[in-house]
Amino acid sequence: MTNISENELSEQFETFGVTIDDPDVVDKLKEFCIVYKLTVEDCVAEWIAFSTTHSGLPINADTLDQLERESLGKRLNQVKTPSSQKPTTQQSYQMLLDDDESEDLLDAYTPGPKARQKRVLTTPDTSSSKRTPLREQNKMDASPASSSGSISLSSTPSQKYSSRSKSGEVVASFGPVTTVNWEGSGLGQCCVTRGEMSPCVQKAEKYKYMMQKIKRKAEVLNEVIEDMSKMLQEKYSIENVAHLALPIQESETIVGRICCDSNGRLNAQSVMMEGSVESSAGKQTAISLAEVKAYSLFPGQVVAMDGVNSAGVKFVASKIYPGVMGDFQPMCQSGGQRDVNLLIAAGPFSPSDAMSLEPLEDLVRVIKKTRPDACILIGPFVDVEHSLVKEGSLGESYDRIFNDIIQAIVKKTESVGCELIFQPSLRDAQHHFVYPQPPYPEMKNQPKRVHFIAEPEMISINGVTIATTSTDVLFHLSREEISCPPGSSDRLGRLVRHILTQRNFYPLYPPAEEVPVDYDKFSRFAKMACAPHLFICPSRLRFFVKEIEGAVCVNPGLLTSGQVGGTYARLVIKSQDSGQDSKTDHSVADRTAVEIVRI
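Residues numbered from 1 in each chain as written. Predicted model: local features only at pLDDT ≥ 70, side-chain atom pairs only at ≥ 80, totals over all residues. Heavy atoms only, no water.

(A) Just the overall build of the protein chain, in detail. When helices and strands are counted, the protein chain shows 15 helices and 22 strands. Here the protein chain, with 599 residues, has 52% of them falling under the buried criterion. In the protein chain, the share of contacts with a sequence separation of at least 24, taken over all contacts with a separation of at least 6, comes to 75%. Total accessible area on the protein chain stands at roughly 27600 Å², and carbon and sulfur atoms take up 49% of it. (Helix = DSSP H or I, 4+ residues; strand = E, 2+ residues; numbered from the N terminus. Buried < 20%, exposed > 50% of the residue type's maximum accessible area, 1.4 Å probe, protein only. Contact = heavy atoms within 4.5 Å. Areas by Shrake-Rupley, 256 points an atom, 1.4 Å probe, with all protein chains shown as cover.)

(B) Region of the structure containing the packing of aromatic side chains. This model, assessed by the stated rule, comprises 16 aromatic pairs. Considering the side-chain rings of phenylalanine 32 and tyrosine 36, the 6.1 Å spacing of their centres and the 65° angle between planes classify their relative orientation as edge-to-face. Taken together, the ring pairs connect Phe349, Phe381, Phe402, Phe422, Tyr440 and Phe452 into an aromatic cluster. For the cation-ring pair, arginine 164 lies above tyrosine 161, with the distance from its terminal atom to the ring centre recorded as 4.0 Å. (Phe/Tyr/Trp six-rings, centres within 6.5 Å; stacked < 30°, edge-to-face > 60°. Lys NZ or Arg CZ within 6 Å of the ring centre and 35° of its normal.)

(C) Layout of the pairing of strand S17 (residues 544–548). Relative to strand S18 (residues 551–555), S17 runs antiparallel, the two sharing five bridges. The residue of S18 that forms the bridge with glutamate 547 is valine 552. In sequence, S17 turns back onto S18 through a hairpin of two residues, with glutamate 549 there showing a positive phi of about 55°. (Pairing = 2+ DSSP bridges.)

(D) Region of interest: unusual backbone geometry. For the peptide bond that leads from tyrosine 435 to proline 436, omega is -5°, which places it in the cis range. Here the bond from cysteine 484 into proline 485 is cis, since omega is -10°, no more than 30 degrees from zero. Within the chain, lysine 37 stands out as a residue other than glycine whose phi angle is a positive 55°. Structurally, lysine 37 can be placed in the loop between helix H2 (23–35) and helix H3 (40–53).

(E) Local environment of helix H14 (residues 491–502). Here H14 is twelve residues long and its end C-alpha atoms lie 17 Å apart, about the 16 Å a rise of 1.5 Å per residue gives. Within H14, ten of the twelve residues are buried, which leaves the element mostly enclosed by the surrounding structure. By the burial criterion, the buried members of H14 are Leu492, Gly493, Arg494, Leu495, Val496, His498, Ile499, Leu500, Thr501 and Gln502. With a side-chain oxygen positioned 3.4 Å from the backbone nitrogen of leucine 492, the residue opening H14 is aspartate 490. (Expected span 1.5 Å × (residues − 1). Polar contact = N/O pair within 3.5 Å; in protein donor to acceptor, adjacent residues only side chain to side chain.)

(F) Here's a closer look at the side chain of aspartate 373. The topology assignment puts aspartate 373 in the loop between helix H10 (358–370) and strand S10 (374–378). A distance of 2.7 Å separates the side chain of aspartate 373 from the backbone nitrogen of asparagine 341, its partner in a polar contact.

(G) Expanded view of the sheet that holds strand S14 (residues 464–468). Ordered by their spatial adjacency, six strands build an open sheet running S2-S13-S14-S16-S18-S17, and the pairing between neighbours is mixed. Every interior strand has two partners, whereas the edge strands, strand S2 (192–194) and S17, have only one. Going from strand to strand, the sheet's axes swing by 25° on average, the running direction of each strand aside. Where strand S16 (residues 534–536) and S18 come together, three bridges link them in parallel fashion. Bridge assignment links isoleucine 536 to a residue of S18, and that residue is valine 554. Its contacts with the sheet put H14 on S16, S17 and S18, and the angle it makes with S17 is roughly 55°. (Axes fitted to C-alpha atoms, helices over the stretch in contact; angles between N-to-C directions.)

(H) Spatial organisation of the pattern of salt bridges. Under the defined criterion, the tally for this structure stands at 22 salt bridges. Residue arginine 598 is joined to glutamate 169 by a salt bridge in which the shortest nitrogen-to-oxygen separation is 3.1 Å. Of this pair, arginine 598 sits in strand S22 (residues 592–598) while glutamate 169 is found in the loop between helix H7 (159–162) and strand S1 (170–174), placing the two residues 429 residues apart along the sequence. Residue classification places arginine 598 among the partly exposed residues on the basis of a relative accessible area of 28%. (Salt bridge = Lys/Arg side-chain N within 4 Å of Asp/Glu carboxyl O.)

(I) Structural detail: the sheet that holds strand S8 (residues 314–321). Sheet architecture is closed into a barrel: five strands sit in the order S3-S4-S5-S8-S7, paired in mixed fashion. Averaged over neighbouring strand pairs, the angle between their axes works out to 55° when direction is ignored. Judged from the three bridges that link them, strand S5 (residues 284–288) and S8 form a sheet pairing that is parallel. Looking at the pairing, serine 288 lines up with valine 316 of S8. On top of the sheet, helix H8 (residues 214–235) reaches strand S3 (248–260), strand S4 (271–274), strand S7 (302–309) and S8; it is set at about 135° to S3, its chief contact.

(J) Just the environment of proline 441, in detail. In this fold, proline 441 is placed in the loop between strand S11 (419–423) and strand S12 (450–452). On a C-alpha basis, the gap between proline 441 and isoleucine 453 in space is 9.8 Å, while along the polypeptide they are twelve residues apart. Contacts of proline 441, omitting those with residues within four sequence positions, involve His431 and Phe452.

(K) Quick look at a negative patch on the surface. Together, Glu6, Asp21, Asp22, Asp24, Asp27 and Glu31 make up a region of like negative charge exposed at the surface. If you tally residues by element for the negative patch, the top one is H2, at three residues. Within the secondary structure, glutamate 31 sits in helix H2. Assessed through its relative accessible area of 35%, glutamate 31 is described here as partly exposed. (Patch = residues over 30% accessible without salt bridge, like charges linked within 9 Å, V, L, I, M, F, W, Y side chains within 5 Å. Lys, Arg positive; Asp, Glu negative; His and termini not counted. Charge placed at Lys NZ, Arg CZ, Asp CG, Glu CD.)

(L) Local environment of the state of the cysteines. Under the criterion given, the structure shown has zero disulfides. In this structure cysteine 190 is not part of a disulfide, and its nearest cysteine sulfur, from cysteine 191, lies 7.8 Å away. Not engaged in a disulfide, the cysteine cysteine 537 finds its nearest cysteine sulfur in cysteine 553; these two sulfurs lie 6.2 Å apart. The exposure class assigned to cysteine 537 is buried, which follows from its relative accessible area of 1%. (Disulfide = S-S within 2.5 Å.)

(M) Geometry of the pairing of strand S21 (residues 567–573). Burial within S21 is extensive, with six of its seven residues counted as buried. The pairing of strand S9 (residues 340–346) with S21 spans five bridges and is classified as antiparallel. Within the sheet, the bridge partner assigned to leucine 343 lies in S21 and is arginine 570.

(N) Expanded view of the confidence of the model for the protein chain. Within the protein chain, residue pLDDT values average 82, and 82% of them lie at 70 or more. Note on residues 79–97: pLDDT under 50 across the span, and 28 contacts to partners over four residues away in sequence or across chains. This model gives residues 108–154 a pLDDT under 50, and the stretch forms 88 contacts once residues within four places in sequence are excluded. (pLDDT = per-residue confidence, 0-100.)

(O) Local environment of the packing of helix H1 (residues 6–14) against H2. Following both chains from N to C, one finds H1 and H2 inclined at 95°, their axes separated by 11 Å at the closest point. Judged by the inter-axis angle, H1 sits roughly perpendicular to H2. Mapping the contact onto sequence places Glu6, Leu9 and Phe13 in H1 and Val26, Leu29 and Lys30 in H2. Across the contact of H1 with H2, the residue classes break down as four nonpolar, no polar and two charged. (Parallel < 35°, antiparallel > 145°, perpendicular 65-115°, else oblique. Nonpolar A, V, L, I, M, F, W, Y, C, P; charged D, E, K, R; others polar.)

The structure is reproduced here in structure tokens:
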């Protein structure tokens with residue numbers, strides 16, 4: 001096979017009416033024969049089969065790369081094992097759900113000692129990752145042929161994760177951490193409810209999207225301005241909102257959405273404001289910030305401004321009124337009778353250089369040890385950004401892998417009895433790619449302690465209002481926000497305050513490219529109807545715990561960061577004193593202790 005000639009290749013291809021005259025194509029075909037141990041006839045057959053299934057693709061360097069990624073590359077991943085040692089799919093799942101305390105979590109997805117000695121070779125995929133091919137790959141993986149064999153998710157465990165030295169280290173804390181007991185009682189003694197503070201996706205509701213009309217989108221964006229305008233007028237006693245594009249010689253107050261005068265990044269010279277249809281006929285005007293000493297703005301933010309627009313062309317601002325945070329929900333009497341222990345972790349749950357689930361396994365051990373009342377686990381569980389997912393070399397459908405991971409977590413925490421709350425992510429390869437996202441589909445015979453919530457959503461745990469989102473809105477805001485004077489305040493806290501005072505989970509407009517917003521769903525499911533006692537906002541930015549306007553805001557970090565281990569958060573919300581009035585005491589921050597811990 002090493003002495004393959006160009007003439008031999010040409011003759012075989014001409015049999016099927018295919019002419020190859022490009023030297024690069026010939027060299028690539030020779031490489032296929034050598035690397036994948038193909039005869040010339042086999043190589044030609046592979047191309048003809050591939051071309052036929054793709055509506056007669058022309059043969060060139062790009063299409064040959066596609067052939068390698070989608071077909072030939074899988075040959076190297078199919079490592080044969082003796083039939084006596086190769087577990088069936090059913091056996092693998094039984095191992096996965098085994099309740100033996102000595103068994104590692106997800107045994108079926110981790111290799112044995114011999115497999116760790118040599119890593120499976122795969123051809124690197126240097127093409128840009130596109131979500132559409134990944135969705136198509138998911139459908140192909142779900143075919144009967146792919147589900148008939150054993151799980152092929154095995155991979156060499158991450159060396160960097162295994163060699164970490166600071167596991168269990170507390171890297172950030174908040175509140176009276178020295179006086180609380182971090183070990184809860186478990187036993188499912190807390191009450192988790194949805195839909196009490198804001199609407200949520202109901203079980204029977206059909207979640208249809210990709211049907212958004214431009215008119216409806218414009219209406220929603222206008223409603224955002226109008227709703228915030230009423231709140232600003234009420235809080236700051238603004239008697240009248242003026243038309244922002246009409247010339248006037250006296251000082252006036254305008255309300256509108258911050259936007260940029262071009263497609264570039266916002267700066268002090270490119271700030272514009274768009275008014276609502278009711279107050280300004282939807283007009284835009286340029287904004288001068290020269291007379292404003294301090295400000296913090298981003299595209300999509302709805303604010304009020306005092307100033308003068310003498311020529312009707314540029315509004316010279318003198319004062320800016322930021323958004324308005326909502327009111328806290330009164331805590332019910334039953335919510336303050338006992339301490340609430342929570343554990344929060346956000347994916348990815350596997351290192352980027354391996355598909356072993358060691359971090360998730362370690363997290364389950366923490367859950368068993370600390371016995372929290374509830375665990376909030378935030379996706380992605382099958383990360384679309386993972387190298388093996390990009391290559392399409394998992395060997396099983398994404399849905400099947402996800403279901404097995406969830407079932408394993410539920411089974412392994414059965415002795416603890418804690419409430420399990422699962423939230424999806426836009427990076428979940430197996431789930432809907434739309435914002436807001438519906439919850440994960442329910443399990444068969446789903447236990448009452450398992451809760452699937454939407455992205456984003458507000459829930460209540462023993463009367464504590466919790467707002468949680470998996471979308472990295474902090475990172476997206478950090479790329480677009482401008483402030484003056486620079487470095488004058490807590491930047492991370494400022495970004496969180498923007499979200500809380502704009503009263504929706506994703507105030508940035510236009511949204512980041514990786515966030516496909518359906519604005520009809522956004523108007524129903526992405527608003528904060530009230531101020532949360534606890535706001536969970538995982539981000540690739542540095543982990544933190546802060547009190548913002550009375551709300552405890554937590555970025556627990558990611559459980560894995562690249563090839564190394566990350567962090568998770570544990571919280572204790574202490575019970576109210578018996579002498580306190582539960583109807584008026586909303587200062588949950590005074591009773592909350594938080595620690596962020598390395599996995």
